[in-house]
Amino acid sequence: MRPRRVLVTGVSRPLGAEMALALAADPEIVDVVGVDTIAPAEDLGRTQFVRVDIRNPLIAKVISTAAIDTVLHLSVLATPLGAGGRTAMKEINVIGTMQLLAACQKAPGVRKLVVKSTTSIYGSSPRDPALFTEEMEPRGFPGGGYAKDAVEVEGYVRGFGRRRPDIAVTVLRLANVLGPGVDSPLARYLDLPVVPTVLGFDPRIQLLHAEDAMAVLMKATREDHAGTFNVAGDGVLLLSQAIRRAGRPPLPIPFPAIGSLGNIARRLRLVDFSSEQLGFLAHGRAVDTTKLKEVFGYVPRYSTVATFDSFVHDRELRFTIDHELVERVEQGLRGLLAGHRPAGTPR
């Protein structure tokens, strides 16, 4: 089914804004409605912006009044700082999705729902398989943060699909996205002048270029591809390789101190890593994308390595070091290591 009237959530954020702008440029799409709690900073072409919180039942009125037939749900947030705290983040992600699904269920005109999810739902553990397929369960369910929210969101989406089998539901589990303008915990982590790592671990990371993320979301919106799909660039990159390619010095930290490291990073507002994201720095994660290529019909243009090299070139990581920031990080890490030094050890 070709979309005629599309609703895009989260248009005040870069991905939502880019998607709304791209859809608005399609002459075959009659109307594009973008919703968020704050107005987007950039012009979205002929997209009609409606200031509404998807946690509010008023979203149902927006969908019915605009005669929406396709819903693109991008308002699932990854960082508490960007949402105004962990409580607000969970409400937006989980309660907001519930309200949006309730509105779609009541709307007879809705025929397609596309949901942006994450490969973080698989978690990170030493017992993980080499590659996760869409049918596999995580070895340990995430205990909190973005990954836990994504698990709950997908659960509600599956329930919605059973109640409205006439609606084509597509769930896209995106790997860590890097690219121009991308502001994510992983991007900020790799931006650090000194990159902390977990002592004794060298995890595999898998990346998705922002251009491929856009292309997959556009394809899912314009065409019918019901199902759940892992979305990532081919291949993997060891964290040690990524740090070397970025020209950054690594700083190995003992595993027991990694939680304190995350707290320091948040206090310094350097990077907002949750507990499951810190686990990712120890164990990594990789997914199988056969279904994406053979069923969905998309082959990513950028491999994981090409995505990372593009990120390094865009950020000019090899040529910029903030010495004041280095000193702040070193001070925090010295305090961290002192707190974890065994009793009686010379300082």
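Position labels on residues start from 1 in each chain and follow its written sequence. With pLDDT at 70 or above as the cut-off, local features in this predicted model cover only qualifying residues; side-chain atom pairs require 80 or more to be listed or tallied, and sums for whole chains, interfaces and linings still use all residues. Hydrogens are left out, water is left out, and the side-chain values use all remaining heavy atoms of the structure.

## Things to note about the overall build of the protein
Alright, step 1. Broken down by element type, the protein carries 13 helices and 13 strands.
Alright, step 2. By the burial criterion, 51% of the 347 residues in the protein qualify as buried.
Alright, step 3. Approximately 15,200 Å² of the protein is accessible, and the part contributed by carbon and sulfur atoms is 55%. Working definition: helices are DSSP H or I runs of at least four residues, strands are E runs of at least two. Numbering for both runs from the N terminus. Each residue is assigned to one of three classes by its accessible area relative to the maximum for its type, calculated with a 1.4 Å probe on protein chains only: buried under 20%, partly exposed between the two thresholds, exposed over 50%. The Shrake-Rupley method, run with a 1.4 Å probe, gives the accessible areas here. Residue values count only the displayed protein chains as cover.

## Quick notes on the confidence of the model for the protein
Alright, step 1. pLDDT gives the predictor's per-residue confidence on a scale running from 0 to 100. Residues with a pLDDT of 70 or more make up 84% of the protein, whose mean pLDDT is 87.
Alright, step 2. Counting interchain partners and residues more than four positions distant, the pLDDT-below-50 stretch residues 342-347 has 3 contacts. We call two residues contacting when some pair of their heavy atoms lies within 4.5 Å.

## Some remarks on empty space enclosed by the protein
Alright, step 1. A 1.4 Å probe that fits but cannot get out identifies a cavity on a 1 Å grid over protein atoms alone, an open set with protein on both sides within 12 Å along at least five of seven lines counts as a pocket, and a residue lines either if it has an atom within 4 Å of a point. Grid points are joined across faces, edges and corners, and a volume is the space filled by probe spheres set on the points. Per the stated rule, a full pass over the model turns up 2 cavities of 30 Å³ or more.
Alright, step 2. The space that makes up the second largest cavity amounts to roughly 30 Å³.
Alright, step 3. Around the second largest cavity, the lining residues are Thr119, Ala175, Asn176, Gln206, Arg285, Ala286 and Val287.
Alright, step 4. Following the grouping adopted for this structure description, the nonpolar residues are Ala, Val, Leu, Ile, Met, Phe, Trp, Tyr, Cys and Pro, the charged ones are Asp, Glu, Lys and Arg, and the polar ones are all others, Gly among them. When its residues are assigned to classes, the lining of the second largest cavity shows 3 nonpolar, 3 polar and 1 charged.

## What to know about the layout of surface pockets
Alright, step 1. What the second largest pocket holds in volume is close to 340 Å³.
Alright, step 2. If you go around the second largest pocket, you meet 18 residues; those closest to its centre are Glu134, Glu154, Arg158, Arg173 and Thr228.
Alright, step 3. Listed by contribution, the elements that provide at least two residues to the lining of the second largest pocket are helix 5 (145-163), strand 6 (168-174) and strand 11 (227-231).
Alright, step 4. Residues that form the lining of the second largest pocket fall into these classes: 9 nonpolar, 3 polar and 6 charged.

## Quick notes on the pattern of salt bridges
Alright, step 1. What counts as a salt bridge is simple: a side-chain nitrogen of Lys or Arg found within 4 Å of a carboxyl oxygen of Asp or Glu. All told, the structure shown has 19 salt bridges when counted by the stated rule.
Alright, step 2. Put simply, Lys148 and Glu152 hold a salt bridge, and the shortest N to O gap is 2.8 Å. Highlighted residues: Lys148 and Glu152, both in helix 5, separated by 4 residues, approximately one helical turn.
Alright, step 3. Accessibility expressed as a relative area gives 28% for Lys148, which makes it partly exposed.
Alright, step 4. Given the relative accessible area of 21%, Glu152 is considered partly exposed.
Alright, step 5. Put simply, Arg2, Asp26, Glu28 and Arg222 are held in one network by salt bridges that share partners.

## Considering the side chain of Thr304
Alright, step 1. For Thr304, the location among the structural elements is in helix 12 (residues 304-315).
Alright, step 2. Once residues lying within four places of it in the same chain are set aside, the contact partners of Thr304 are Ile205, Gln206, Leu207, Gly233, Asp234, Gly235, Val236 and Leu237.

## A look at the pairing of strand 8 (residues 195-198)
Alright, step 1. Burial along strand 8 is two-sided: the residues Val195 and Thr197 and Pro196 and Val198 are all buried.
Alright, step 2. For strand 8 and strand 13 (residues 250-253), the ladder comprises 4 bridges, and the chain directions are parallel. By the bridge assignment for strand 13, Thr197 is matched with Pro252. One bridge is not enough; two strands pair if DSSP finds at least two bridges between them.

## Remarks on the sheet that holds strand 6
Alright, step 1. In space, the 7 strands of this open sheet follow the order 3-2-1-4-5-6-11, with parallel pairing throughout. Unpaired on one side and paired on the other, strand 3 (48-51) and strand 11 mark the two borders of the sheet. Here the average twist between neighbouring strands, direction ignored, is 20°.
Alright, step 2. Relative to strand 2 (residues 31-36), strand 1 (residues 5-9) runs parallel, the two being bridged by 5 bridges. Note that in strand 2 the partner of Leu7 across the bridge is Val33.
Alright, step 3. With axes taken as lines fitted to C-alpha atoms, and helix axes fitted only over the stretch in contact, angles between N-to-C directions fall between 0 and 180 degrees. Contacting strand 1, strand 2, strand 4 (70-73) and strand 5 (112-118), helix 1 (residues 14-24) crosses the sheet at an angle of about 165° to strand 1.

## A few points about helix 2 (residues 58-65)
Within an α-helix, residues lying three or four positions from one another point in the same direction, as the helix has 3.6 residues per turn.
Alright, step 1. Buried within helix 2 are the following residues: Ile59, Val62 and Ile63. Buried residues of helix 2, seen end-on, are gathered within an arc of 95° and therefore sit on one face of the element. Residues of helix 2 that are exposed and point over 90 degrees away from its buried face: Lys61 and Thr65.
Alright, step 2. Of the surrounding secondary structure, the elements contacted by the buried residues of helix 2 are strand 1, strand 2, strand 3 and helix 4 (86-106). To obtain the arc, one takes the directions from the helix axis to the C-beta atoms.

## Overview of the environment of Asn176
Alright, step 1. Take Asn176: it is sitting in strand 7 (residues 176-178).
Alright, step 2. A relative accessible area of 26% means that Asn176 is categorised as partly exposed.
Alright, step 3. For Asn176 and Ala232, which are 56 residues apart along the polypeptide, the C-alpha to C-alpha distance reads 8.0 Å.
Alright, step 4. In this structure Asn176 touches Leu186, Gln206, Leu207, Leu208, Phe280 and Arg285, once residues within four positions along its chain are discounted.

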